[in-house]
Amino acid sequence: MRLKTSLLKEPKHKELVSCVGWTTADELYSCSDDHHIMKWNLLTSETTQVVKLPDDIYPLDLHWFPKTVGGKKQSQAESFVLTSSDGTPVYSVAWGPDSEKILYTSGKQLIIKPLQPNAKVLQWKAHDGIILKLDWNSVNDLILSAGEDCKYKVWDSYGRLLYSSQPHDYPITSIAWAPDGELFAVGSFHTLRLCDKTGWSYALEKPSTGSIFNIAWSVDGTQIAGACGNGHVIFAHIVEQRWEWKNFEITLTKRRTMEVRNVVNDAVDLLEFRDRVIKASLNYGHLVVSTSLQCYVFSTKNWNTPLIFDLKEGTVSLILQAERHFLLIDGGGIYLYSYEGRLISSPKFPGMRTDILNAQTVSLSNDTLAIKDKADEKVIYLFEVLSGKPLGDGKPLTHKTDITEIALDQKGLTNERKIAFIDKNRDLYITSVKRFGKEQKVIKIGTMVHTLAWNDTSNILCGLQDTRFTVWYYPNTVYVDKDLLPKTLYEKDASEFSKNPQILCFMGNQVTIRRADGSLIHLNISPYPAILHEYVSGSKWEDAVRLCRFVKDQTMWACLAAMAVSNKDMTTAEIAYASIGDIDKVQYINSIKELPSKESRMAHILLFSGNIQDAEMLLLQAGLFYRAIQVNINLYNWDRALELAVKHKTHVDTVLGYRQKFLEDFGKKETNNRFLQYAEGLEVDWDKIKAKIEMEISKERERAAATPAVRTSVTVQR
């Protein structure tokens, strides 16, 4: 990626240009110390003087009123604010993303001041010289600062330093975020630099401009303008962006031209567009390109005949792809399209702001869309893709602390869809997007995680966890057998990736990581877990066992054990647990297989996974009241066991008998009033209790024998 710059032969202003601002993607206004405001039309290359300011006004900055305010869109920007020098040392000011704080400079200090009275002010020393320029991005919530110490720096909103540049030859006089928060531009004397949001530099230009005092990005984020010390206004647009997927590499060679290269046969195709390219995404066998007016959808099998449709809003800020459809976000809303160009849905939620959504706060799968709320950062909204309506009862997923990043898994059934997210404490959680029972089970599976990605072809999750690269081969293990989770992980030392690396993608068995210096690293993981996922999804249990025996890896056996229990195939689960030496679980599985009825077996499989309430509910619905009572006795849930016995008028003496035996074993006396009440006048006769239990088991066995087809269906057919 680089900048292609352009300058007129002669400057239009007679003094230094202090500030510039875009009204549309092709129209710019500039202000200068010569007291003139000029309008630049990039389509016609015309420059006209708009107004002459009074001689005592020296402009410093200008800002146009936004085109979209509160969901109402204007045809064009109509008014702007212009600031001038009054001698105070506040060189730069920026609004916070929530518009409830302001950030400003004071000498070498950066100060974040909330608008609420008595709220705490955050202040820290940011540079060794006077700070000349700052910017705060609403999408990524990161702060830029530049100063006379010849450095530019990236900060988070808590004042923690994320990146500091090496000293330049001259003071950094301007700095500005791109609208989507993925890039920023830096200006200095005869210097224009394009940088990634993490700080490292994509490109460096050395134009003859003098110092660049102000940088402004166009609304679509494709070009920048700079206010130059020698009276010029410099224009630059971004070219040579690259997208890769499998054997295809696509490069934006010009503003309206893409080059497609197939690295297998070195075939090259040129894609020409009517308007300039704003955003593009390449994944799942399709290239989606948005220009200022239209969207193009190409299949990687045919580059000659794209599907084209008009856009409602010209400036697309984000494109996300899933296997069956893709998502476009612009200033007007969120739109889901099929790859045939059909609008599927347009989800909405209260207070939705599309201008601050990015790839970390929006995630898409074949059936679900997840969006993190900016107004309350503990909340994730979940939508059905086909209808655009909220999932389930419409209630969003709410976490106990602020969430920073979300990601949906990509494969499998809708009822099994999982979402992983990282909160501000850097803890990694996983939960089902469908709510089963009263509340969703949100389970922590990692700590100190700062980046993550799901695999594109199987539900394998990877993340960078403190100084380790970790792969969760089967994250669903936490819902099946928590003890197994550590055995299903792959871990590798990540200290070689330097500070703050980011996972870009996880395709097949290759993970692509970008280091803090911008270099790419490709890691290969074992291909066998993905093959195991494929076998299990097709219920090919014998093939799965054969694969594990061939690989001879404890991690594979642990994954297979969890997968088998999740799919209720206890025969395979028994083999897998035996292979990792979990003999107690093998014995429990054998006891499950000996139970007389399907309902009992299913309930004990649920108990095996820790789903006590679901197991009890299944037994009660099947009329197996004794089994439900016995489950609670075995778990020492005495109050619940007695409650069920009284409610269903059976086995009260059984509960009291086991309770007495339990207290005698520990040398305790009964203190529970409820048990004391029912023990009055009731004699515990163990012979009667054993006879009743035998009768219950006999009844259950007879009922099961009457329906032989049900008896063998507990295991998934292989």
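Look a little higher up for the structure.
Here we summarise the structure given alongside this text.

## As for the side chain of Ser-281
Next, step 1: Structurally, the position occupied by Ser-281 is in strand β29 (residues 277–283).
Next, step 2: Accessibility expressed as a relative area gives 12% for Ser-281, which makes it buried.
Next, step 3: If we ignore the near neighbours within four places in the chain, the residues touching Ser-281 are Trp-243, His-286, Leu-287, Val-288, Ile-319 and Gln-321.

## A word on the side chain of His-127
Next, step 1: Relative to the helices and strands, His-127 is located in the loop between β13 (122–125) and β14 (131–136).
Next, step 2: At a separation of 2.7 Å, a polar atom in the side chain of His-127 contacts the side chain of Ser-145.
Next, step 3: Residues within four places of His-127 in sequence aside, it is in contact with Lys-108, Ser-145, Ala-146, Gly-147, Asp-149, Lys-151, Tyr-152 and Lys-153.

## Observations regarding the sheet that holds strand β50 (residues 510–514)
Next, step 1: A sheet is described by the order of its strands in space; here three strands give the open sequence β49-β50-β51, paired in antiparallel fashion. Because the sheet does not close on itself, it has two edges, and the strands there are β49 (502–507) and β51 (520–524). Averaged over all adjacent pairs, the angle separating strand axes in this sheet is 20°, with direction ignored.
Next, step 2: One ladder, built from five bridges, connects β49 with β50; its direction is antiparallel. Opposite Ile-503, over in β50, you have Ile-513 as the bridge partner.

## With respect to the pairing of strand β34 (residues 325–330)
Next, step 1: The buried count for β34 comes to six of six residues, which makes it a mostly enclosed element.
Next, step 2: Residues His-325, Leu-327 and Ile-329 point to one face of β34 and Phe-326, Leu-328 and Asp-330 to the other, with burial holding for every one of them.
Next, step 3: Across five bridges, the pairing between strand β33 (residues 316–321) and β34 is antiparallel. Residue Val-316 lies in a different strand from β34, and its bridge partner there is Asp-330.
Next, step 4: Here β33 hands over to β34 after three residues, the two strands then running antiparallel side by side.
Next, step 5: Pairing of β34 with strand β35 (residues 334–338), which is carried by five bridges, proceeds in the antiparallel orientation.

## Observations concerning the environment of Thr-368
Next, step 1: By secondary structure assignment, the location of Thr-368 is in strand β38 (residues 368–372).
Next, step 2: Sequence spacing of Thr-368 and Val-433 is 65 residues, and the spatial spacing of their C-alpha atoms is 8.3 Å.
Next, step 3: With sequence-adjacent residues up to four places away left out, Thr-368 is seen in contact with Ser-363, Leu-382, Phe-383, Val-385, Leu-391, Leu-408, Arg-417 and Val-433.
Next, step 4: Side chain to side chain, Thr-368 and Asp-367 meet in a polar contact 2.6 Å long.

## A word on a positive patch on the surface
Next, step 1: Where like charges cluster on the molecular surface, the positive patch consists of Lys-4, Lys-254, Arg-255 and Arg-256.
Next, step 2: With respect to the secondary-structure elements, Lys-4 resides in strand β1 (residues 2–6).

## Thoughts on the pattern of salt bridges
Next, step 1: Scanning all chains against the criterion turns up 35 salt bridges.
Next, step 2: As a salt-bridge pair, Asp-128 and Lys-125 come within 3.6 Å of each other at their nearest N and O atoms. Across the pair, Lys-125 and Asp-128 agree in class, each one exposed.
Next, step 3: Of the charged contacts, one joins Glu-496 and Lys-492 as a salt bridge, the two residues approaching to 3.7 Å between their closest N and O atoms.
Next, step 4: You can call Glu-496 partly exposed: its relative accessible area is 43%.
Next, step 5: Lys-492 gets classed as partly exposed once you look at its relative accessible area, which sits at 28%.
Next, step 6: Through salt bridges with shared partners, a single network forms among Asp-481, Asp-483, Lys-487, Asp-582 and Lys-585.

## Details of empty space enclosed by the protein
Remark: the empty space left among the atoms is shown by a probe the size of a water molecule rolled over them.
Next, step 1: Counting across every chain of the model gives one cavity of 30 Å³ or more.
Next, step 2: Forming the boundary of the largest cavity are Leu-311, Lys-312, Val-316, Leu-328, Asp-330, Tyr-335 and Tyr-337.
Next, step 3: Every element with two or more residues in the lining of the largest cavity is listed here: β34 and β35.
Next, step 4: Taken together, the residues that form the lining of the largest cavity break down as five nonpolar, no polar and two charged.

Reading the values: rules and limits
- Residues numbered from 1 in each chain as written.
- Predicted model: local features only at pLDDT ≥ 70, side-chain atom pairs only at ≥ 80, totals over all residues.
- Heavy atoms only, no water.
- Helix = DSSP H or I, 4+ residues; strand = E, 2+ residues; numbered from the N terminus.
- Buried < 20%, exposed > 50% of the residue type's maximum accessible area, 1.4 Å probe, protein only.
- Contact = heavy atoms within 4.5 Å.
- Polar contact = N/O pair within 3.5 Å; in protein donor to acceptor, adjacent residues only side chain to side chain.
- Pairing = 2+ DSSP bridges.
- Axes fitted to C-alpha atoms, helices over the stretch in contact; angles between N-to-C directions.
- Patch = residues over 30% accessible without salt bridge, like charges linked within 9 Å, V, L, I, M, F, W, Y side chains within 5 Å.
- Areas by Shrake-Rupley, 256 points an atom, 1.4 Å probe, with all protein chains shown as cover.
- Salt bridge = Lys/Arg side-chain N within 4 Å of Asp/Glu carboxyl O.
- Lys, Arg positive; Asp, Glu negative; His and termini not counted.
- Charge placed at Lys NZ, Arg CZ, Asp CG, Glu CD.
- 1 Å grid on protein atoms, 1.4 Å probe; cavity = no way out; pocket = protein on both sides within 12 Å on 5 of 7 lines; lining within 4 Å.
- Points joined across faces, edges and corners; volume = space filled by probe spheres on them.
- Nonpolar A, V, L, I, M, F, W, Y, C, P; charged D, E, K, R; others polar.

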